[in-house]
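Structural description and commentary
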Amino acid sequence: MTKEKVIIIGSSGAIGEAFAQHYMQHDYDVLCLSRGEPPKAISSLQHINFDLENEDSIANAAAHAQSLGSYDKIIIATGVLHAEDSFPEKTFKQLDQKFFQKIFNINTIGPALIAKYFLPLLKRDVISKFVFLSARVGSISDNRLGGWHAYRSSKAALNMLIKNFAIEVQRTNPNARIFGMHPGTVDSKLSKPFQKNVSDKKLFQPTFAVQQMIKVIEEVRESDTGKVLAYDGSIIES
Ligand SMILES: NC(=O)c1ccc[n+]([C@@H]2O[C@H](COP(=O)([O-])OP(=O)(O)OC[C@H]3O[C@@H](n4cnc5c(N)ncnc54)[C@H](OP(=O)(O)O)[C@@H]3O)[C@@H](O)[C@H]2O)c1
């Protein structure tokens, strides 16, 4: 039997690495993309360097991936919420042009460029899946607290792009399922500064979050394409 082929984009992150490890342990053919060196468990043969802020590097990575075949699943697990010296805004008065641009580059424009080069790599003869890691805070109807202006709006814009790409790809590859996922609050570099008010029960370890999301990814329906799903399979309204 031929192995299913999976690409994990952002394999150096907590969630990306847990996805890569899961699929490797389950005998998938796994290709990883990240900015730095491959994690220890990943051989350099399964790894391509890229930077979300460099379109040429995304195009080169896609050309390399295409030379290895077409794919059953492509998962984008990159993202940023804070930078070394900048934290999510509590008020509009803290908006900062550079931080705003950085957050949009990584959370919105980068994944859109990944889609530009990697959506054509999905298999067409079987059901294939393209997953964007999004976040519940990108939901406008679910926004009760405000704040985190750049991050929230970058994920809301990403959710619009997911819907747009799903509509467009449906015309040429009706077997493709394109959707976003909210992983829950997961222990990672991204969430580290914001964990103190999260109970242990609600702070997922990356392996647990990935196990939950994989169940949802396996069971995703045709009618879910273009939507954002939470780790428990529920739909997150726009
Ligand atoms: N953790 C949570 O509680 C939580 C909640 C909701 C949604 N999410 C979403 O889940 C996704 C994964 O987050 P995580 O918690 O796993 O965060 P993480 O551990 O901080 O991982 C972030 C990943 O993004 C990559 N990245 C950042 N800038 C990049 C660039 N310019 N080029 C290429 N890669 C870049 C990082 O690469 P480097 O290692 O090279 O920096 C790393 O692989 C994100 O989209 C996040 O918004 C997370």
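Coordinates for the structure precede this section.
All values derive from a computational prediction rather than experimental measurement.

1. Considering the site of the ligand
In the vicinity of the ligand lie 27 residues, with Gly13, Arg35, Gly79, Ser188 and Leu190 positioned nearest. Elements with a minimum of two residues in the shell around the ligand: α1 (14–25) and β7 (185–186). Counting residues per element, the shell around the ligand draws most heavily on α1, which supplies three residues.

2. Regarding the nonpolar core
Counting 52 residues, the largest nonpolar core has Ile7, Ile8, Ile15 and Phe19 as its most contacted members. The element best represented in this core is α1, accounting for six residues. Excluding residues that lie within four positions of it along the chain, Ile7 makes contacts with Leu31, Leu33, Ala65, Tyr71, Ile74 and Phe118. Counting residues in each nonpolar core, the second largest holds ten residues, with Leu81, Ile106, Trp148 and Tyr151 among its members.

3. What to know about α1
Its twelve residues give α1 an end-to-end C-alpha distance of 17 Å, which sits within 8% of 16 Å, the value for a rise of 1.5 Å per residue. Among all positions in α1, only Ala14, Ile15, Gly16, Glu17, Ala18, Phe19, Ala20 and Tyr23 are buried. For α1, the secondary structure elements touched by its buried residues are β1 (5–9), β2 (29–34), β4 (73–76), β5 (128–133), β7 and α5 (206–219). Positioned one or two residues after α1, Asp27 has a phi angle of 65 degrees, which is positive.

4. Section: the packing of α1 against α5
At a closest axis distance of 9 Å, the pairing of α1 and α5 adopts a crossing angle of 65 degrees. Along this stretch, α1 crosses α5, giving a crossing that reads as right-handed. Residue-level inspection shows Ala14, Ile15, Ala18, Phe19 and His22 of α1 in contact with α5, the latter providing Pro206, Thr207, Ala209, Val210 and Ile214. Class assignment of the residues belonging to the contact of α1 with α5 gives a composition of eight nonpolar, two polar and no charged.

5. Section: the sheet that holds β2
Adjacent strands of a sheet form backbone hydrogen bonds with each other and so pair up, either parallel or antiparallel. The eight strands lie next to each other as β3-β2-β1-β4-β5-β6-β9-β10, forming an open sheet whose pairing is mixed. Because the sheet does not close on itself, it has two edges, and the strands there are β3 (47–49) and β10 (235–236). Across three bridges, the pairing between β2 and β3 is parallel. Its bridge partner lying in β3, Cys32 is registered against His47. Set on the sheet, helix α2 (residues 55–67) makes contact with β1, β2 and β3; between it and β3 the angle comes to about 160 degrees. Taken strand by strand, helix α4 (residues 149–172) contacts β5, β6 (176–182) and β9 (228–230), and its axis lies near 170 degrees from that of β6.

The rules behind these values
- Residues numbered from 1 in each chain as written.
- Predicted model: local features only at pLDDT ≥ 70, side-chain atom pairs only at ≥ 80, totals over all residues.
- Near = placed C-beta within 6 Å.
- Helix = DSSP H or I, 4+ residues; strand = E, 2+ residues; numbered from the N terminus.
- Core = buried A, V, L, I, M, F, W, Y, C linked by C-beta atoms within 7 Å.
- Buried ≥ 20, exposed ≤ 12 C-beta atoms within 10 Å, placed from the backbone.
- Contact = placed C-beta atoms within 7 Å.
- Expected span 1.5 Å × (residues − 1).
- Axes fitted to C-alpha atoms, helices over the stretch in contact; angles between N-to-C directions.
- Left-handed = near helix turned anticlockwise from the far one by under 90°.
- Nonpolar A, V, L, I, M, F, W, Y, C, P; charged D, E, K, R; others polar.
- Pairing = 2+ DSSP bridges.

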